[in-house]
Structures are given as C-alpha cells and as structure tokens.
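Read off the chains here:
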Amino acid sequence: MLRKFVRAMTAVLTALGGGLLAASPAHAASYRDLKSVQYNICVYAYGDPLEDIYLKRCSTTPAANGNWSVTVLGNHNNHALWVLTRQGGTCLGVDGDAKYNYLYSSCDPKGSKNVWEVFPTTYGVDPVRTSYVLKSFGAFQSWGVHKCLTFADRPKLGPCSTSSTSDMIYR
C-alpha cells in the first residue's frame, strides 16, 4: 500500500514538475502603453507596416495603434530580451543596414530585428522611478551597431544613453 502511495505521489510530482519545465520561457504581458519619460506621452503607429511611428497623448481605452504587449524571450548579458507587439498585430523592429537603419515592422520569428535588449534605469529624486532603455538587439546582431529607441523629436533609432530621459520609457 505504501509503495502504491509513493508511486502515485511520485507520478503527481513528476507531472507537475514536467509541466513547469515544459512551459515556454516566452510570455506576454497584457497590452499596455509604452510611454516616453521625457514627454510623458505614448508611442503609436498609424498602420502596418510601421511606416509612421509617433508620440501622442496616451489613451485610457484599448487603442489598436498604440497598445503594446511585451513578450519576454529570455536574457542576453543579464538583460531581458523583449519583443513589442502592437495590438494591431505589428512588432516594433528595425530594418535597413549599418549606415541607414530605422524603425519598422519586423515580426519575423526567425530574425532578431524585432528583439530589444532591456536596460532598467531610474530617474527622478523623490520618488525615484524605474524606467527602461531599449537597445535594438537586431541592429547589433545584423549590423554590429548599437542603436536605441529614442524620442529626441519622435520615436526613432539613435545613439544609446542610459542617463538621458529622451531614451527612456516606462510601461
């Protein structure tokens, strides 16, 4: 009787443990805004592909052109790797080459052009707030250049800075 109980408990624990191990490392959060720390407004895109990316006042209701989900793919150099998918279905990615690169729709699961390396940062004094700088993993993997999502005048790829609020988002 004790043997049957031990076998049954072992089977249950193995099944539970196997379910945990079989779970995919990627998981998506609910749709939410990506807000520029400097301008306190959100990232939007007119349509597919992401031909015009802009900042506008954040919506309090679901917005197909502006709400994003974050899928965590794993880590690189102790930084999370995110894929940002717009509620309309498009991913925020990069395209071009080493000299001329830009933000674009890039939901190709085989490539890294829609993957962002996340650098947690802080800003403010009282209270200190957490924000993020997104460095294009695709630009580095494809062209060997470091480019970040920046908001100097509109959302675009630019030089990376973890201390400039024009490069920071919160979500």
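Above this note sits the structure.
Below or above, wherever it landed, is the structure these notes cover. Everything quoted here is computed from the prediction, not taken from an experiment.

Section: the packing of aromatic side chains
Moving on, step 1. Tallied over the full model, the rule gives three aromatic pairs.
Moving on, step 2. On the numbers, 5.3 Å between centres and 55° between planes, the contact of W82 with Y132 is tilted. Of this pair, W82 sits in strand β6 (residues 79–86) while Y132 sits in strand β10 (residues 129–136), and the two are 50 residues apart along the sequence.
Moving on, step 3. Relative accessible area serves as the criterion here: at 5%, W82 is assigned to the buried category.
Moving on, step 4. Measuring from centroid to centroid gives 6.0 Å for Y102 and Y104, while their planes differ by 85°, and the two rings are edge-to-face.
Moving on, step 5. For Y102, a relative accessible area of 29% corresponds to the partly exposed category.

With respect to the side chain of N101
Moving on, step 1. Within the element layout of this structure, N101 appears in strand β8 (residues 101–105).
Moving on, step 2. A distance of 2.9 Å separates a polar atom in the side chain of N101 from the backbone oxygen of D97.

Focus: the state of the cysteines
Moving on, step 1. What the rule picks out here adds up to two disulfides.
Moving on, step 2. Here C42 is linked by a disulfide to C58, with a sulfur-sulfur distance of 1.8 Å. Every disulfide takes its handedness from the sign of the S-S torsion; for C42 and C58 that torsion is 95°, giving right-handed. Of the two residues, C42 is situated in strand β3 (residues 42–45) and C58 in the loop between β4 (53–56) and β5 (68–76); the sequence distance between them amounts to 16 residues.
Moving on, step 3. In this structure C42 comes out as buried when scored by relative accessible area, which is 0%.

A look at unusual backbone geometry
Most peptide bonds adopt trans geometry, and most residues besides glycine take a negative phi value.
Moving on, step 1. In the Ramachandran plot, N40 falls in the positive-phi region, its phi being about 60° despite a non-glycine side chain.
Moving on, step 2. We classify N40 as partly exposed; its relative accessible area is 44%.
Moving on, step 3. With a phi close to 50°, N77 is a non-glycine residue in the positive phi region.

Some details on the nonpolar core
Moving on, step 1. L84, L92, L103, W116 and L134 are the most contacted members of the largest nonpolar core, which has 23 residues in total.
Moving on, step 2. Those elements that provide at least two residues to this core are β3, β4, β5, β6, β7 (92–96), β9 (115–123) and α2 (137–143).
Moving on, step 3. Of the residues forming this core, the biggest block, three residues, is contributed by β5.
Moving on, step 4. Judged by nonpolar contacts, the second largest core, of seven residues, contains V37, F119, C148 and M168.

Rules used in this analysis
Residues numbered from 1 in each chain as written. Predicted model: local features only at pLDDT ≥ 70, side-chain atom pairs only at ≥ 80, totals over all residues. Heavy atoms only, no water. Phe/Tyr/Trp six-rings, centres within 6.5 Å; stacked < 30°, edge-to-face > 60°. Helix = DSSP H or I, 4+ residues; strand = E, 2+ residues; numbered from the N terminus. Buried < 20%, exposed > 50% of the residue type's maximum accessible area, 1.4 Å probe, protein only. Polar contact = N/O pair within 3.5 Å; in protein donor to acceptor, adjacent residues only side chain to side chain. Disulfide = S-S within 2.5 Å. Core = buried A, V, L, I, M, F, W, Y, C linked by side-chain atoms within 4.5 Å.

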